[in-house]
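An overview of the molecular structure
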Amino acid sequence: MPTLLVENRAGLAHEMPAGHPEQIARLQAVLDVLAGPEFAGLIRAEAPMAGEGDLLLAHPAEHIAAIRDAIPDRGLAALDPDTSVSPGSWEAALKGVGGCLYAVDQVLSGEATNAFVATRPPGHHAERIRPMGFCLFGNIAIAAKHALERHGLSRVAVVDFDVHHGNGTQDLLWDEPRAFFVSSHQMPLYPGTGAPSERGGSNNILNLPLGPGTGGAEMRRIVETRMLPRLAEIAPDLLLISAGFDAHRADPLANLNWDTEDFAWITRTLCAFAGAHCGGRVVSTLEGGYDLDALAASVATHVTVLMEQDG
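Residues numbered from 1 in each chain as written. Predicted model: local features only at pLDDT ≥ 70, side-chain atom pairs only at ≥ 80, totals over all residues. Heavy atoms only, no water.

1. Description of the state of the cysteines
Scanning the entire structure with this criterion turns up zero disulfides. Residue Cys271 stays outside any disulfide, its sulfur separated by 9.6 Å from that of Cys278, the closest cysteine. (Disulfide = S-S within 2.5 Å.)

Encoded structure:
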């Protein structure tokens, strides 16, 4: 079956302050590049709205209500120095979650080989009771819990290769022994978490910090020698990816030196793992990436590799 592209166009109405790196143009750049003729073979769907019951898989009702109540009728409201909301943010956030859940449903039902969710706001910094780092709700962590609780999977793995540590995903999955979370990220860097000593409540967390300036060759070595062996031990039924593209050498918010081909390599490597261990079932969702040209090129490469897996 083909690759599924889930588009959260409501994310184009989620506004941030002028000059903010997590800008509407990010999602527009991704949608534009994926509209090219080379992507005509994609199945396309608009992200559906998640319900409160979906959010409750990871966040308490009080947290959900606090974010809903913070949405302004006009203008912007700051949740923290980095994270703001606008009148369109609630729909964007719920469709971001809903898009991930829909992608999981379609892949697990066999309607798609794999899926990519083009969305904003991102989600991997959103903790159980704290929005932060441009993120409101834990998109990928909620998708993992959805797969476990509602589809009855035994084990799910989440791989996060965003340049920033996915502290929110870690927080939301810390006490979930059926979920394994592995993150490669620059350290030191925001949010300051992600040390190897952070291992989860059931040794279900693997953090692989990379020093500033780390290039693709070192990343590949760590993936092959440390990430893949642990993933093989876990033997997940589904592989979820937090696909951040801000480890690119052109990105303004970090200092890793990956290039577009490195994102092709890690995507191909993870797809090969999924093909061998979980029936090729992969759901990927957009996280960071703040140089628009590098983001568009890297997403195009990522999705092209996903499409190569079509069975």
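2. Focus: the environment of Ser284
Summarising the element assignment, Ser284 is placed in strand 10 (residues 282-286). Through-space distance from the C-alpha of Ser284 to that of Met1 is 16 Å; in sequence the pair is 283 residues apart. For Ser284, the contacting residues outside a window of four places in its chain are Ala115, Phe116, Val117, Ile241, Ala243 and His302. (Helix = DSSP H or I, 4+ residues; strand = E, 2+ residues; numbered from the N terminus. Contact = heavy atoms within 4.5 Å.)

3. A few points about the packing of helix 7 (residues 216-234) against helix 8 (residues 260-277)
Between helix 7 and helix 8, the shortest axis-to-axis distance is 11 Å and the interhelical angle comes to 15°. The orientation of helix 7 with respect to helix 8, classified from their angle, is roughly parallel. Pair helix 7 / helix 8 crosses with right-handed handedness. Between helix 7, through Gly216, Met219, Arg220, Val223, Glu224, Met227, Leu228, Leu231 and Ala232, and helix 8, the contact on the second element is made entirely by Glu261, Asp262, Trp265, Ile266, Thr269, Leu270, Phe273 and His277. Counted by class, the contact of helix 7 with helix 8 contains ten nonpolar, three polar and four charged residues. (Axes fitted to C-alpha atoms, helices over the stretch in contact; angles between N-to-C directions. Parallel < 35°, antiparallel > 145°, perpendicular 65-115°, else oblique. Left-handed = near helix turned anticlockwise from the far one by under 90°. Nonpolar A, V, L, I, M, F, W, Y, C, P; charged D, E, K, R; others polar.)

Structural measurements only, silent on function.
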